[in-house]
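Letter by letter, the chains look like this.
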Amino acid sequence: MRTSRATAVIAGLLLLAALGAPGAMGQEKPRMGGVLTWFDYGDPGRLDVHAESPLVVQQATAGVYSGLLHYDPEEPTKVIGDLAERWSMSADGKTYTFHLRKGVKWHDGQPFSSADVKATFDRVLHPDFKSPKCGASLKPMVASVEAVDPNTVTFQLKFPAAPFLPSVASAWCRIAAKHILAKYGDLNAPEAQIGTGPFKFKKYERGSVIEWERNPNYFIPGLPYLDGVKQFILVGGPTQLAAAKASKIMLWDAWPPMRKTQADELRRARDDVEIFQTSINTLFLIYLNSTKPPFNNADLRRAVNLGVDRQDLVAKALEGAGVPCAILDPKLVGDFALPLDEVNKLPGCRQPKDADVAEARRLVEKHHPGGLDIEVATRSVGNYVDRAQLVLAQLRRIGIRGTLKTHESAAGFAAFGKGDFLLIATQDRAMDVNEPSGVFHIAYTTEAGSNWGRWSDPKVDELAERALKESNRDKRKALYWELQRHILGRGDHASIAVGWVEGWFFKDKRLRNYTPGVTVYDNNTFMKVWLAQ
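Residues numbered from 1 in each chain as written. Predicted model: local features only at pLDDT ≥ 70, side-chain atom pairs only at ≥ 80, totals over all residues. Heavy atoms only, no water.

A. Expanded view of the overall build of the protein chain. The helix and strand inventory of the protein chain stands at 18 helices and 19 strands. In terms of principal-axis extent, the alpha carbons of the protein chain reach across some 70 × 55 × 45 Å. Here the protein chain, with 533 residues, has 60% of them falling under the buried criterion. Taking the intrachain contacts of the protein chain between residues at least 6 apart in sequence as the baseline, contacts between residues at least 24 apart amount to 72%. Surface accessibility of the protein chain: about 19,500 Å² in total, with carbon and sulfur atoms responsible for 51%. Charge separation in the protein chain, taken as the distance between the mean sites of 68 positive and 61 negative side-chain charges, equals 1 Å. (Helix = DSSP H or I, 4+ residues; strand = E, 2+ residues; numbered from the N terminus. Buried < 20%, exposed > 50% of the residue type's maximum accessible area, 1.4 Å probe, protein only. Contact = heavy atoms within 4.5 Å. Areas by Shrake-Rupley, 256 points an atom, 1.4 Å probe, with all protein chains shown as cover. Lys, Arg positive; Asp, Glu negative; His and termini not counted. Charge placed at Lys NZ, Arg CZ, Asp CG, Glu CD.)

See below:
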């Protein structure tokens, strides 16, 4: 199966919109005006889209910036030009030349040029700059970026790489202004949110709201249709659901998804929304810190890998809406994913769990007679605390007694990035691109952007690099199968794949020209969205 689940959802949503709207969408004329209301699951704190990885950072700034490329808002599986009008590839596949739009202005009125593109990618590709999304994806592939003239940029690759264009189109690879980087040094402050996108950054009130306003000088004439976008900062599932039921928000398309019981409750409360189920290209992980006792011991990491019951966690924490155990989800990347029949026969994933739990208990007892006590971390967002309690109960079965420490969202990300934890009980990581390479450069290679457990395996790095370089599809698939078998078979990795997250979402029936992105980060600039009366 090569078609992603998101593609099917897009088709379904278009049908729903056509059937549910006062007239077929094609017969309606886009309407100017109105403010779309949305929500973020927590405070972003810092706003630097190049240096951060929380979804709320990307959401907070999505409509403010443009990319060199992006995913087509109307065909979200298709990469199209954004600031680049067109591009070409050399015969050897190692040089890409991008021709830029002319006459584009930054929100402060300064002209956009190739110097801004070069400054952006020089920044994210610098060896000393920690860029957990854009940089982690592009550093393995890109050798250099050059501004040929004010309207032309070239990228020199280390080798021909199939994921290059999807990676450049990532919502994390937005173009920043060279003069703004020079003035502020980073993009963390609200004042530094100067982009070329369809909306200007209006305000950020911590704990309350983020607002954008229409950019009247956007480089695509007539867009955007909306006057603005308002993102309420809503922490916790009950608060988010209450806002949805009260019609405070028009769209729930990002993390955390609603569970089925929440979707059913919303359906009873409102008849003016379209509710749909989909995957959000996001992996539920448990992290072990491989640099600190006790998990610097491979036996203890192996014990947790064996003892965690992924199927039970997906059934209880996600109400069954997910794909347990898989490092790659066949619903999203097709046959690049190791067949689930094989995955579910491997130690740690096989059912029943009795033999794996017994072996996990033996490994813990071998090094810690009588068991051991540890601190277990999680962020206080979504249903993470409830998930963490389920994980703690499973750990107790193998002799690991955990005490839960909760973090505010941004503080948790800061602690995890510094390695200030022993075990993270639950953390979802969304893919940057709908491409099999993504998960390995997020969670498994040595330099992966969210390899918070600091686990390193030269064979994983080698296979991941070989798969990036391989142009033959069948050979590339074979490399990814070997990579998944190696990680799952070794069984002492520090990023434990619990399951791919699915869930329920909704959109207000007044929303027009909206389709969900292939990843949770895409198609949220709202450049072509409008509101019917």
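Further notes follow.
B. Layout of the layout of surface pockets. Its volume calculated, the largest pocket comes out at about 990 Å³. In this structure, the largest pocket is lined by 32 residues; those nearest its centre are Lys130, Pro132, Glu447, Ala448 and Gly449. If you list the elements that add at least two residues to the lining of the largest pocket, you get α4 (134-138), α15 (409-417) and α17 (458-469). Here the lining of the largest pocket is composed, by residue class, of 14 nonpolar, nine polar and nine charged. (1 Å grid on protein atoms, 1.4 Å probe; cavity = no way out; pocket = protein on both sides within 12 Å on 5 of 7 lines; lining within 4 Å. Points joined across faces, edges and corners; volume = space filled by probe spheres on them. Nonpolar A, V, L, I, M, F, W, Y, C, P; charged D, E, K, R; others polar.)

C. Quick peek at the sheet that holds strand β1 (residues 35-40). In space, the four strands of this open sheet follow the order β1-β10-β9-β8, with mixed pairing throughout. Two strands close off the open sheet at either side, each with one partner strand: β1 and β8 (199-205). Within the sheet, the average angular offset between the axes of one strand and its neighbour, ignoring direction, is 20°. The sheet contact formed by β8 and strand β9 (residues 209-214) spans six bridges and is antiparallel. Considered in β9, the bridge of phenylalanine 199 is made with arginine 214. (Pairing = 2+ DSSP bridges. Axes fitted to C-alpha atoms, helices over the stretch in contact; angles between N-to-C directions.)

D. Broad picture of the packing of helix α9 (residues 298-307) against helix α13 (residues 354-367). Contact geometry for α9 and α13: axes closest at 8 Å, N-to-C directions at 155°. When the axis of α9 is compared with that of α13, the two are roughly antiparallel. Seen along the crossing, α9 lies across α13 with a hand that is left-handed. For the pair α9 and α13, the contacting residues are Asp299, Leu300, Arg302, Ala303, Leu306 and Gly307 in the first and Asp356, Val357, Glu359, Ala360, Leu363, Val364, Lys366 and His367 in the second. Within the contact of α9 with α13, the residues separate by chemical class into seven nonpolar, two polar and five charged. (Parallel < 35°, antiparallel > 145°, perpendicular 65-115°, else oblique. Left-handed = near helix turned anticlockwise from the far one by under 90°.)

E. Up close: the pattern of salt bridges. For the coordinates displayed, the defined rule picks out 39 salt bridges. The salt bridge involving arginine 302 is made with aspartate 299; its shortest N-O contact spans 3.1 Å. Note that arginine 302 and aspartate 299 are positioned in helix α9 at a spacing of three residues, about one turn of the helix. Overall, arginine 302 belongs to the partly exposed group, its relative accessible area being 26%. Two residues, lysine 459 and glutamate 482, come together in a salt bridge whose shortest N-O distance is 3.9 Å. A residue pair is termed long-range when its members are at least 10 positions apart, and lysine 459 in helix α17 and glutamate 482 in helix α18 (residues 473-490) qualify at 23 residues. On the basis of relative accessibility, which here comes to 35%, the residue lysine 459 falls in the partly exposed class. (Salt bridge = Lys/Arg side-chain N within 4 Å of Asp/Glu carboxyl O.)

F. Geometry of the environment of asparagine 344. Here asparagine 344 is to be found in the loop between α12 (340-343) and α13. Asparagine 344 gets classed as partly exposed once you look at its relative accessible area, which sits at 31%. With 146 residues separating them in the primary sequence, asparagine 344 and proline 198 have C-alpha atoms 46 Å apart. Setting aside residues no more than four positions away along its own chain, asparagine 344 makes contact with Gln311, Pro324, Cys325, Cys349, Arg350 and Gln351.

G. Layout of the sheet that holds strand β7 (residues 152-157). With respect to topology, four strands assemble into an open sheet ordered β4-β5-β7-β6, the strand pairing being antiparallel. Edge positions in the open sheet fall to β4 (84-89) and β6 (142-149), since each of these has one partner strand only. When strand polarity is set aside, the average angle formed by the axes of neighbouring strands in this sheet is 20°. The pairing of β4 with strand β5 (residues 95-100) spans five bridges and is antiparallel. Paired with serine 88 across the strands is threonine 97, a residue of β5. Against the sheet, helix α3 (residues 114-125) makes contact with β5, β6 and β7, and its axis sits at roughly 165° relative to β6, the strand it touches most.

H. Broad picture of the packing of aromatic side chains. This model, assessed by the stated rule, comprises 23 aromatic pairs. Between tyrosine 41 and tryptophan 255, the aromatic rings sit 5.0 Å apart at their centres with planes inclined by 80°, giving edge-to-face as the arrangement. Here tyrosine 41, found in the loop between β1 and α2 (55-61), pairs with tryptophan 255, found in the loop between β11 (251-252) and α8 (260-269); they are 214 residues apart in sequence, far enough to count as distant. Tyrosine 41 gets classed as buried once you look at its relative accessible area, which sits at 3%. Residue tryptophan 255 is classed as buried on the basis of its relative accessible area, which comes to 6%. Ring centres 6.0 Å apart and planes at 65° place the aromatic pair tryptophan 106 and phenylalanine 112 in the edge-to-face group. No difference in accessibility class separates tryptophan 106 from phenylalanine 112, as the two residues are buried. (Phe/Tyr/Trp six-rings, centres within 6.5 Å; stacked < 30°, edge-to-face > 60°.)

I. Just the nonpolar core, in detail. Ranked by internal contacts, the top residues of the largest apolar core, which has 175 residues, are Phe121, Phe164 and Phe526. Take this core: its biggest share by element is ten residues, from strand β12 (residues 273-288). Excluding residues within four positions of it along the chain, phenylalanine 526 makes contact with Leu36, Trp38, Phe199, Trp212, Pro224, Leu226, Val229, Leu251 and Tyr514. (Core = buried A, V, L, I, M, F, W, Y, C linked by side-chain atoms within 4.5 Å.)

J. Inspection of unusual backbone geometry at higher detail. A cis amide bond, omega -5°, links leucine 223 with the succeeding residue proline 224. By the secondary structure assignment, proline 224 is in the loop between β9 and β10 (228-233). Between proline 293 and proline 294 the backbone carries a cis peptide bond, its omega angle lying at 5°. Even without being a glycine, serine 247 presents a positive backbone phi close to 65°. Checked against the element boundaries, serine 247 lands in the loop between α7 (237-245) and β11.

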